[in-house]
Amino acid sequence: MSDKIDDAFMALAADHAARKSQHVADLFAADPNRFADFSVRLDDLLLDFSKCSLTGDTLAILIELAQAAGVEEKRDAMFAGVHINVTEDRAVLHTALRDTSTTPLNVDGQDVRADVAQVLADMARFAEGIRSGKLAGWTGKPITDVVNIGIGGSDLGPAMATLALAPYHDGPRSHYVSNVDGAHLFDTISPLDPASTLFIVASKTFTTQETMSNAASARAWLVEALGEPAVGHHFAAVSTALDKVAAFGIAPDRVFGFWDWVGGRYSVWSAIGLPVMLAVGPANFRRFLDGGHAMDEHFRSAPLAQNLPVLLALVGVWHRDVCGYATRAVIPYDQHLSRLPAYFQQLDMESNGKRVTLEGKPVAYDTGPVMWGEPGTNGQHAFFQLIHQGTSPIPVEFLIAAHGHNEDKDPLLKRQHAMLIANCLAQSEALMRGRTEAEAKAQLLAAGRDEDTADRIAPHRVFPGSRPSVTLAYDKLDPFALGRIIALYEHRVFVEGAIWGINSFDQWGVELGKELASTLLPAVESGTAPDSLSGSSAGLLQHLTAK
Ligand SMILES: O=P(O)(O)OC[C@H]1O[C@](O)(CO)[C@@H](O)[C@@H]1O
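Residues numbered from 1 in each chain as written. Predicted model: local features only at pLDDT ≥ 70, side-chain atom pairs only at ≥ 80, totals over all residues. Heavy atoms only, no water.

Keep this limit in mind: UniProt positions are given in the numbering used here, feature names are shortened, and annotations may be inferred rather than shown by experiment.
As recorded by an unreviewed UniProt entry, the protein carries the name Glucose-6-phosphate isomerase and is attributed to Ancylobacter pratisalsi. Entered under Subcellular location (unreviewed entry) in the UniProt record, the comment concerning the protein runs "Cytoplasm". The Function (unreviewed entry) field of the UniProt record for the protein holds the comment "Catalyzes the reversible isomerization of glucose-6-phosphate to fructose-6-phosphate."

1. Brief notes about the site of the ligand
Keep this limit in mind: When we say a residue is near a molecule or strand, we mean one of its heavy atoms is within 4 Å of it. The definition of a polar contact used here is a pair of N or O atoms within 3.5 Å, where within protein one atom must be able to donate a hydrogen and the other to accept one, and adjacent residues in sequence count solely through side-chain atom pairs. Using a 1.4 Å probe, the Shrake-Rupley method yields the accessible areas, and only the shown protein chains count as cover for residues. Amino acids outside the nonpolar list (Ala, Val, Leu, Ile, Met, Phe, Trp, Tyr, Cys, Pro) and the charged list (Asp, Glu, Lys, Arg) are all regarded as polar, and Gly is one of them.
Of all residues adjacent to the ligand, which total 14 residues, the nearest are Ser154, Ser203, Lys204, Thr205 and Thr208. Between the ligand and Thr205, the relevant distance is 2.6 Å, taken from an oxygen atom to a side-chain nitrogen or oxygen of the residue. Here the ligand, which alone exposes 390 Å², has 88% of that area covered by the protein. Split by residue class, the shell around the ligand holds 2 nonpolar, 9 polar and 3 charged.

2. Some remarks on unusual backbone geometry
The criterion, for reference: Here a strand is any run of E in DSSP of at least two residues, a helix any run of H or I of at least four, and the numbering for each starts at the N terminus. Only protein chains enter the accessibility calculation, which uses a 1.4 Å probe; a residue is then buried when its area is under 20% of its type maximum, exposed when over 50%, and partly exposed in between.
That bond from Gly376 to Thr377 is cis: its omega, 5°, falls within 30 degrees of zero. Turning to its location among the elements, Thr377 is positioned in the loop between strand E11 (370-372) and helix H16 (384-389). Here Asp108, not a glycine, exhibits a phi torsion of approximately 50°, which is positive. As for its placement among the helices and strands, Asp108 is situated in the loop between strand E3 (106-107) and strand E4 (110-111). Judged by relative accessible area, which is 58%, Asp108 ranks as exposed. Its identity is not glycine, yet Phe206 carries a phi of approximately 55°, on the positive side. The topology assignment puts Phe206 in the loop between strand E7 (197-202) and helix H9 (209-226).

3. Regarding the packing of aromatic side chains
The line we're drawing: Note on aromatic contacts: the rings of Phe and Tyr and the six-membered ring of Trp form a pair at centre separations within 6.5 Å, being stacked when their planes are under 30 degrees apart, edge-to-face when over 60 apart, and tilted otherwise.
For the coordinates displayed, the defined rule picks out 19 aromatic pairs. Ring centres 5.3 Å apart and planes at 50° place the aromatic pair Phe126 and Phe256 in the tilted group. One end of the pair, Phe126, is in helix H6 (residues 113-132); the other, Phe256, is in strand E9 (residues 255-257), and 130 residues separate them in sequence. Classification of Phe126 by relative accessible area gives buried; the value is 2%. Taking relative accessible area as the criterion, Phe256 reaches 2% and is therefore assigned buried. With a centroid separation of 4.8 Å and an interplanar angle of 70°, the aromatic rings of Trp372 and Phe383 are classed as edge-to-face. Of this pair, Trp372 sits in strand E11 while Phe383 sits in the loop between E11 and H16, and the two are 11 residues apart along the sequence.

4. Description of the side chain of Arg75
Turning to its location among the elements, Arg75 is positioned in helix H5 (residues 71-80). For Arg75, a relative accessible area of 7% translates into the label buried. At 2.8 Å, the side chain of Arg75 and the backbone oxygen of Phe299 are in polar contact.

5. Brief notes about helix H17 (residues 411-433)
Where we set the bar: Any helix carries an expected span of 1.5 Å times its number of residues minus one. Should any heavy atoms of two residues lie within 4.5 Å, those residues are considered in contact.
Helix length check: H17 (23 residues) gives 32 Å between terminal C-alpha atoms against 33 Å at 1.5 Å per residue, within 8%. Residues of H17 that are buried include every one of His417, Leu420, Cys424, Gln427, Ser428, Leu431 and Met432, and no others. Along its buried surface, H17 packs onto helix H2 (24-30), strand E10 (327-333), H16, strand E12 (396-401) and strand E13 (469-474). Among the residues of H17, the N-terminal cap falls to Asp410, whose side-chain oxygen and the backbone nitrogen of Leu412 are separated by 2.7 Å. Phi for Gly434, located one or two positions after H17, is positive at around 70°.

6. Re the sheet that holds strand E1 (residues 39-42)
Using the following cut-off: Note on pairing: two strands pair once DSSP finds at least 2 bridges between them. Orientation is described by lines fitted to C-alpha atoms, with helices fitted over the stretch in contact, and by angles between N-to-C directions that extend from 0 to 180 degrees.
Read from one edge to the other, the open sheet built from 6 strands follows the order E1-E2-E13-E12-E10-E11, with strand pairing classed as mixed. Each edge of the open sheet is held by one strand with a lone partner, namely E1 and E11. If you compare each strand with its neighbour and ignore which way they point, the axes differ by 15° on average. Where E12 meets E13, 6 bridges bridge the pair, whose relative direction is parallel. Bridged to Phe398 within E13 is Thr471.

7. Some details on the UniProt feature "active site" (unreviewed entry) in the protein
Mapped onto this structure's residue numbering, the UniProt feature "active site" (unreviewed entry) falls at Glu350, His381 and Lys514. Maximum C-alpha separation among the annotated residues is 36.6 Å over a sequence range of 165 residues, too wide for a single clustered spot. Leave out the neighbours within four places in its chain, and Glu350 touches Arg265, Gln345, Asp506, Gln507 and Val510. A polar side-chain atom of Glu350 sits 2.9 Å from a polar atom in the side chain of Arg265.

In structure tokens, the structure reads:
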């Protein structure tokens, strides 16, 4: 870490220490412009971070921190195709997947623009064929159900986006199978008709144990029902490992490639998005890409102090490193975004859950927090108790649309959307404002409780307040809006990683478990624990394989 970064962190720590007991409600009372000063817009997309404990001075130091960490230079290097993923010696160019520009973009001497456009055109042709029924199943039945078999980035992105775009879904039904637990595949395909089912085997590496075993079982199910020759009509694949796909037996015109410069958790924009395109059609998929590109343009050009991903990241760094909050909750008040927290968990935690710098030295500051969440209002009736009154503050990120998709259909549904907004605003307001003991007692007395009861109960009804939250508001969750939100969070992860000086684009932390699982499989099947296994694991293995 450079001296300038350390200086900025020290200045932030001093600012935090000096204002530790300051209530955010007092910041609002002191500054009638606080909302305007601590919110930023990109068209209808509004990021409000005024309910966090930052002041203008704090923000100025955070911007200095971003400058000292070279965020702008690192951003430009990413967009230019520099191999910023140093441990895998790869460029990081998911942004190229949503860019329609024809200016050459050379990656390792190869202009990737034409490749990207070609795969998109192939996907669109295939998707239109399936959606129109022209590309039918082996028996001539049109495809009614698409089962994506993939895991991690080859599952979470398309699964999240398909659900998010449910109002635009006019193609075959979508299903997602990821877990190596055979129950996932079995429960999904049992009700389906093999003659009208299409499987997409999605795996960047085409070696992932879960995906390969689910694909083999799906293939066997299909062959048993329709015979071996049917396979070609009912399978497609998405991968960077085209040689391995060919070995699986999927016809080349049903194989959609992508490239090693697209990380798994950044791949929903690539051919990994094929099931989304099948569901909502190529035009809506293009709008999703355009939304991502709009955020890219904003990220590249807006000054740091008006830059949504930069500001979201700086608020994140403030909470993680200065306030010391170990987790953050993402709560979409949008049922269609109910898979967003799971998607963000991979995006954020696989990217920034790192303990060494780019140079392989221990990091000087805490890196990625635990990210978790559930849709509102459900979370309110489950874990919000702890967020309001627990001992450790948890920054919350609320997402809310001004308009729902169904509100024009029925006044009752319009009212329900109003209730959704009211609940979302009520939660962030309650978290920030809190309730004093005196207020709690006055309420109890006003409700007819006697003095002793009011004194006894009031402490339980105190809310400390000053609990941080940001709110991301948008007009309506359409494909463009979704693309913008996803790209916003991708770039936020990038900026945080750049400040911490880590590689946000590798994932070595998943390897050890994978290696051990493959060496343990024969032991589980034979019931004999190898000597190298710890007493605990050997004991568990014996218990689980005893009969
Ligand atoms: O697409 P693949 O190669 O099957 O990998 C699936 C997922 O597995 C991981 O490598 C982690 O195990 C993720 O990074 C990736 O998204």
